[in-house]
Each structure stands twice: as structure tokens, then as C-alpha cells.
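Commentary on secondary and tertiary structure
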Amino acid sequence: MTYLQFLAIFLLPPLIGVLAVTRYTLRQPDRPRRPYDVGLRILALLLPVAWVWTTPWDSWIIRAGVWTYPAGGVVATLARVPLEEYLFMAAQTCLAGLWTLWQTSRVDALEPVVPNGTRRRVAGAVAWSVAAVVGAFVAVTNSHGLYLGSMLLWFGPLLAVQCAVGADLLRMRRAVRLRSLVPVVAYLWVADRIAIAAGTWHISADYTFGISILGLPLEEALFFVVTSLLIVNSLVLATHPASPARLRAFVPKKIVRQ
């Protein structure tokens, strides 16, 4: 199965389904529009961010041989990354993002803000920062930890920033985040497992720890958790009513408006 066939079979149908659900929800008069209006703008911004941030790491692990693809299995490459991979990044972002927006539209916009959340924000930011440092150490000292370690090093700082801005707000909406994250990640796990079995791409045993979940390498499973979590957190924070005031502490007032 080529990468393009994989996208057409496993990514396009669920994406169309989520788009249909989103379109239907937008037409309902009892659903608040603000979460969608704000969320859709943030989602549009996340698409180029996903490409810009992920591509250097993706290109590097391909060059290192962490994951490979058959020579005739992709249409073309850009910076060693298959063009289909860029489409996959966009599809995952839209799939997780639109599903999250549908979940956040069901939340009461007037829910109270948890007081004294500074400790939680600091703890979350420190935890993910430590995870990034540990990831760097693992990647450098153990070849089998290259995939996992580099992933933590590359994406951990982004999760640290999200926690610094609103770990307490994310905890408030942990049920929404769970409903947003689990179905998307579970589906991507199944699709990825099928793709690996079909030879669409290959994960090297030399740069992973050899632990698998029903045939899916642990590192691959964690990759979809981490990247999907970044998308979910971004949209949960963007649509939370307390976020505009919170962001004023991080950026100039001219940039943040209610």
C-alpha cells in the first residue's frame, strides 16, 4: 500500500465525517458560535505551525534511519519528507482539531476559573521541560532511545509552554480533553498499525526499545499521543473563556483581544 493510498483510505473518510459533524453543529442555534469562531482561526494557524515545527525533526529522523519508506511508495519528497507526510500532518491536525472543537462547543462557557492555579502551571511547565532534557540525554546516550528521546526533546518544550499558560485551565477541562484525545489517538494507532503491516513505512528496531502494543511500536503510539495532545490543548486553551485575560500576562495587550 502506497502512502497516498493510505491517506485516501484511512485519513480522508474520517476527516470528511468530522467536517460534516462540524458543519451540522454550526447550524444549530443553541450552540455558541464563539468557541468555533475562535477555534477555527486557531486551527487555521496550527496547520502551518505543524509543518514548520515538525518538518525539521521529521527530516532528521528520516536521515537517521528511524523510519523509512519504500522508494516507490511516495510521490515525491521535500527536505527528505514525503509530500504525503505533509498531507498527513494537515489531516491529523484537522481531524483532532475539529473533533476537539465539537467537544468544546458542548461545554458551559460560564464555568468558573479555578483559583490559585500558579503552582499547577509551574509544575506542568517544569515537568515537560524535564521530560525534554531527559529525552535529549536518552537520545544521545542510547541508540535505541533515539526516536523516543528526540521526540520528547522536540515536542516537550511546546507542551511546557502550554502548561505555563494554562495547566489549571486544561485540568478544568480534562474530561473534554479526554473525549477529544482518545478517539482520535485510538484511530490513528489502528491506521498506523495497518500501514506498518502493509509496508507503507517501516520503523527501525535499531532506534526503538522494541516494546510494542499489538504490533505497534511504543514510540509510534506515544508520537500520536504527544502530537494530538498539542492540538487538543491548543484548542481547549483557545476556546476557554479565561484564556484572553490569561494571555495578557504573556503577550502585549495589542495582540490579545477578547
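Residues numbered from 1 in each chain as written. Predicted model: local features only at pLDDT ≥ 70, side-chain atom pairs only at ≥ 80, totals over all residues. Heavy atoms only, no water.

Next up on the list: the overall build of the protein. Along the backbone of the protein there are eight helices and six strands. Residues classed as buried in the protein amount to 48% of the 258 residues present. Of the roughly 12900 Å² of accessible surface on the protein, a fraction of 69% belongs to carbon and sulfur atoms. (Helix = DSSP H or I, 4+ residues; strand = E, 2+ residues; numbered from the N terminus. Buried < 20%, exposed > 50% of the residue type's maximum accessible area, 1.4 Å probe, protein only. Areas by Shrake-Rupley, 256 points an atom, 1.4 Å probe, with all protein chains shown as cover.)

Below, the discussion takes up the environment of Ser212. For Ser212, the location among the structural elements is in strand β5 (residues 212-213). A residue is classified by how much of its surface remains accessible, and Ser212, at 45% relative accessible area, is partly exposed. Setting aside chain neighbours within four positions, we find Ser212 in contact with Pro217 and Leu218. (Contact = heavy atoms within 4.5 Å.)

Time to look at unusual backbone geometry. With phi around 60°, Ala79 is a residue other than glycine that occupies positive phi space. With a relative accessible area of 44%, Ala79 lands in the partly exposed category. The phi torsion at Leu214 lies on the positive side, around 55°, for a residue other than glycine. Checked against the element boundaries, Leu214 lands in the loop between β5 and β6 (216-217).

Our focus in this paragraph is the packing of helix α3 (residues 83-104) against helix α7 (residues 218-239). Their axes nearest at 9 Å, the elements α3 and α7 cross at an angle of 45°. In terms of orientation, α3 and α7 fall into the oblique class. The interaxial crossing formed by α3 with α7 has right-handed handedness. Counted together, Phe88, Gln92, Thr93, Ala96, Gly97, Thr100, Leu101 and Thr104 of α3 and Phe224, Thr227, Ser228, Ile231, Val232, Leu235, Val236 and Thr239 of α7 form the full contact between these two elements. In the contact of α3 with α7, the residues fall into eight nonpolar, eight polar and no charged. (Axes fitted to C-alpha atoms, helices over the stretch in contact; angles between N-to-C directions. Parallel < 35°, antiparallel > 145°, perpendicular 65-115°, else oblique. Left-handed = near helix turned anticlockwise from the far one by under 90°. Nonpolar A, V, L, I, M, F, W, Y, C, P; charged D, E, K, R; others polar.)

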